[in-house]
Each structure stands twice: as structure tokens, then as C-alpha cells.
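# Per-entry structural report
Chain by chain, the residues:
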Amino acid sequence: MEICMRPTTTVAMIPIFILMFFSIPHSVLTSSSFTKLQLPLNVIGPDSLAFDQQGRGPYTGLSDGRVLKYEGPTSGFTGFAHTSHYTNLYRSKAVCDGTRDQNLGPICGTPLGLGFNYQTGELYIADAVSGLLVVGPSGGLATPLATSAEGVPFGLPDALDFDQLTGKVYFTDASSVYGIREIIQAIGNNDATGRLLEYDPRTNQVTVLIRGLSGAVGAAVSRDGSFVLVTELFANRTQKFWLKGPKANTSEVLITFQGRPDNIKTTANGTFWVVVNTGKFLLLTSPTRQEIDADGNVLRTVNFEAEYGSTLISEVQECRDACLNLYVGSLFASFVGVYTLNN
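Residues numbered from 1 in each chain as written. Predicted model: local features only at pLDDT ≥ 70, side-chain atom pairs only at ≥ 80, totals over all residues. Heavy atoms only, no water.

## Looking at the packing of aromatic side chains
Two measures describe an aromatic ring pair: the distance that separates the ring centres and the angle between the ring planes. By the definition in use, this model includes 14 aromatic pairs. Ring geometry for Tyr124 versus Phe162: centroids 5.5 Å apart, planes at 20°, classification stacked. Pair noted here: Tyr124 is in strand S7 (residues 123-127) and Phe162 is in strand S13 (residues 157-162), with a separation of 38 residues, a long-range link. The rings of Phe34, Phe304, Tyr308, Phe335 and Tyr339 are connected pair by pair, giving a single aromatic cluster. Over the face of the ring belonging to Phe335 we find Lys36, whose NZ or CZ atom lies 4.6 Å from the ring centre. (Phe/Tyr/Trp six-rings, centres within 6.5 Å; stacked < 30°, edge-to-face > 60°. Helix = DSSP H or I, 4+ residues; strand = E, 2+ residues; numbered from the N terminus. Lys NZ or Arg CZ within 6 Å of the ring centre and 35° of its normal.)

## Here we look at the state of the cysteines
Within this structure, the stated rule accounts for one disulfide. The residue that forms a disulfide with Cys96 is Cys108, at a sulfur-sulfur distance of 2.1 Å. Judged by the sign of its S-S torsion, about -85°, the cystine formed by Cys96 and Cys108 is left-handed. With Cys96 in helix H1 (residues 93-96) and Cys108 in helix H2 (residues 105-108), the pair connects residues that are twelve residues apart, well separated along the chain. (Disulfide = S-S within 2.5 Å.)

## Looking at unusual backbone geometry
The omega torsion of the bond from Gly57 to Pro58 falls at 10°, within 30 degrees of zero and hence cis. Structurally, Pro58 can be placed in the loop between strand S2 (49-50) and strand S3 (59-61). Backbone geometry places Asn236, a non-glycine residue, at a positive phi of 60°. By the element assignment, Asn236 lies in the loop between strand S18 (227-232) and strand S19 (237-242). Note on Asn236: relative accessible area 10%, which makes it buried. Phi angles above zero are rare outside glycine, and Asn249 is one such case at about 70°. Among the secondary structure elements, Asn249 is positioned in the loop between S19 and strand S20 (251-256). (Buried < 20%, exposed > 50% of the residue type's maximum accessible area, 1.4 Å probe, protein only.)

## Description of the nonpolar core
In this structure, Val169 and Phe171 are the most contacted members of the largest nonpolar core, which totals 15 residues. If you list the elements that add at least two residues to this core, you get S7, strand S8 (131-135), S13, strand S14 (169-173), strand S15 (194-200) and strand S16 (205-213). When neighbours within four sequence positions are excluded, Val169 is seen to be in contact with Tyr124, Leu132, Leu160, Asp161, Phe162, Leu197, Glu198 and Tyr199. (Core = buried A, V, L, I, M, F, W, Y, C linked by side-chain atoms within 4.5 Å. Contact = heavy atoms within 4.5 Å.)

## What about the environment of Val206?
Along the polypeptide, Val206 turns up in strand S16. Leaving out residues up to four positions away in the same chain, Val206 has contacts with Ala146, Ser148, Ala149, Phe171, Leu197, Glu198 and Tyr199.

## A closer look at the pairing of strand S27 (residues 335-341)
Summarising burial for S27: seven of the seven residues are buried, a large majority. Across the two faces of S27 the burial is the same, with Phe335, Gly337, Tyr339 and Leu341 and Val336, Val338 and Thr340 all buried. Of the strand pairs in this sheet, strand S26 (residues 325-329) and S27 are connected by four bridges, and their pairing is antiparallel. Counted as the bridge partner of Val328 is Gly337 from S27. Between S26 and S27, which pair antiparallel and follow one another directly, the connecting turn spans five residues. (Pairing = 2+ DSSP bridges.)

## Digging into the side chain of Ser175
Mapped onto the fold, Ser175 is located in the loop between S14 and helix H3 (183-188). Using a relative accessible area of 2% as the deciding quantity, one classes Ser175 as buried. Reaching out from Ser175, the side chain makes a polar contact with the side chain of Thr193 at a distance of 3.2 Å. Those residues within four positions of Ser175 in sequence are excluded, and the remaining contacts are Gly155, Leu156, Asp191, Thr193 and Gly194. (Polar contact = N/O pair within 3.5 Å; in protein donor to acceptor, adjacent residues only side chain to side chain.)

## Side note on the side chain of Ser130
If you trace the backbone, Ser130 turns up in the loop between S7 and S8. If we skip the residues at most four places from it in the chain, Ser130 touches Thr83, Ala146 and Thr147.

## Brief notes about the sheet that holds strand S10 (residues 143-146)
Pairing is antiparallel in the open sheet, where four strands are placed in the order S6-S7-S8-S10. In this open sheet, the two edge strands, each paired with only one partner strand, are strand S6 (111-116) and S10. Strand-to-strand twist in this sheet, taken as the mean axis angle between neighbours without regard to direction, amounts to 30°. Judged from the three bridges that link them, S8 and S10 form a sheet pairing that is antiparallel. Across the sheet, Leu133 pairs through a bridge with Pro144, a residue of S10. (Axes fitted to C-alpha atoms, helices over the stretch in contact; angles between N-to-C directions.)

## Re the sheet that holds strand S4 (residues 66-70)
As summarised here, the arrangement of the five strands in space is S2-S3-S4-S5-S9, forming an open sheet in which the pairing is mixed. Looking at which strands have only one partner, the edges of the open sheet turn out to be S2 and strand S9 (140-141).

## Notes on the pattern of salt bridges
In the structure shown here, the tally under the stated rule is twelve salt bridges. We note a salt bridge from Arg66 to Asp64, for which the minimum N-O separation is 2.7 Å. Like Arg66, the residue Asp64 is buried in the burial classification. One salt bridge connects Arg300 with Glu291, and the closest N-O pair in it is separated by 2.6 Å. Taking relative accessible area as the criterion, Arg300 reaches 28% and is therefore assigned partly exposed. (Salt bridge = Lys/Arg side-chain N within 4 Å of Asp/Glu carboxyl O.)

Structure (C-alpha cells):
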């Protein structure tokens, strides 16, 4: 399916947001329509989204360990890949399919960040338990690539982006101490052990770009490959790490939000969509996305309360070919949301 087709009517991270709420004034950009791409029965958790080199998808990971591919309104979502290498055996469909039990993550898999290499058709996956993996164009069981950096095991691999210019993978370890089932402890202890990482497929080496991050849950490389942005959920901010130029190998705070940022994605025109969940009261949130430029200026803020209520969202992704569709992910939704904008 071409991603710019309008689907028929029938969305990093983890339930940590339940404890974190702030307010922020915002403008509202009205969408011309909102549709739902319904997930299979009983599953939730489309945290991150991706489209392949032919514009097909979206692909998304689920709470039960599967990576699914959207095949159009007739077929819906179908199985594409999985990440679990538990005891070197294939993932058990009987045990895993449809589960929402995080304790089964080591058995079933917990795919979060996704990113395609458009040249090879390979899909890179950041799994919260299994680390960094890759699967070929035909899908199936993903191949492990890395589970640690500098001798320190990954605690919670989360966000991922692929640089089409260099072939390198940029991903985050939200915490090098706490796993996905220990996130409440991470919050209580003000954990700042997150990392921004770079994986080079040519050398199979992982390089730590930034240490000491507070909940590193989003990563996006610029279109020209000169820098990569990383969002810090606990610190309410986004940092910029320079890959090229006179500031290469240095970082700086780009923007601080009045809310909790999650995944960040590069747009076709070189700006960035950042999910920012805001609100005033426990369990009463305002899911929004903010478009920022390379200098950290907020260009526009879009509120999703009309369609999502107080449900926390995790990612906003536009079509690969810059059509008017915006795709929305949420760990707490049973669907992928699609907005078709007026302009």
C-alpha cells in the first residue's frame, strides 16, 4: 500500500508518564479527518512507526513482542517480525500473542524503536529487553547486533533512527541501570544513566555519543546528517549532538519543554515532530505534538485531545513522501491513528 492513500475509517515509551504531568499553552491545528488502523484483537502498544523503502506500512511493534505491517484496509495488520531469542527457540505464539504482561518481555520480546535502511530493505529494531537487532526485507526472527556499549549492558533500549546518508544507526538506552519493568524506581531515583548511541554496520561497533541522559526516549538524525537530536523524558528537554562541522562531537541543550517529550521524528522539510504529553492532574493529560526547527524554535503545536482524550501518545510520524497523512503511535492504544491534514 502506498502510504499516501487514505485508509478507511474503522496509534517511548512505557507507563512512566502516569506520574508526570505539566501544562503548556498551545494552538490547535484542525485535521480534516481522523481514522484508526485497528490492531489485532487484545493487543496494544504501537510505540513507534516506520515505513519501508517503497512507502509501505506503517510497521509497528506491539506489547506482545511482534512487529506488524499494515497491508491495507482489507488485510489490516499482519505479522512481519519478532525479536525474542529466549533459550534460542522461536517465540511461542500460544504464550505471547495478545499478552500485555511485561514480565513476558524476555520471552516474547518488546520492540520499541524502528527504522528502515532504504537501500537494503533491512529493518533495525530497538528492543527493550533484547537490545539492537535487524531483520531482512522478508521479516521473521530478527538478528541480534548489540546488547552493550563500552562494557555496560543496555538497560532499556528505546528510540531509533537510521541515517540514510551514512548507513549508521542512532538509538537510545533510556537507562543503563533500570529495565522496562523497573521504570518506577528510575523515576524515584532521578535516574540519569541514559545514553545516545551510534551503531556502524560496517564495523559492528557501538559508540557512546552522550552519557548521563535523563530518560533518553527519542532520537532523530537531521536530513543532512550533521547532527542528531535526543529527547530526555525526565529532564523535559531535547539535546543536539553535532556529528559534523566545527562543533562535531559536542552536545548542547536545544529546547526545554513545559511537558514530557517522547519520540522525535524528522520531517520531509527538515524540521522535527516531537511528542509532548502535558497536563495538570494525575491521569488527565493533554497529548500534543510540537514541530521544532534545527535551532529549537517551536513552529506549531497540535493538540490531540479531541481524538485521544487523556491517552498518552508516544510518536507522530508523517508519510515518507510528505503527503498530508500523520500517523500517531501510543503504548496505550489498540490502533494507529491517522490524521489527514487540511494543509
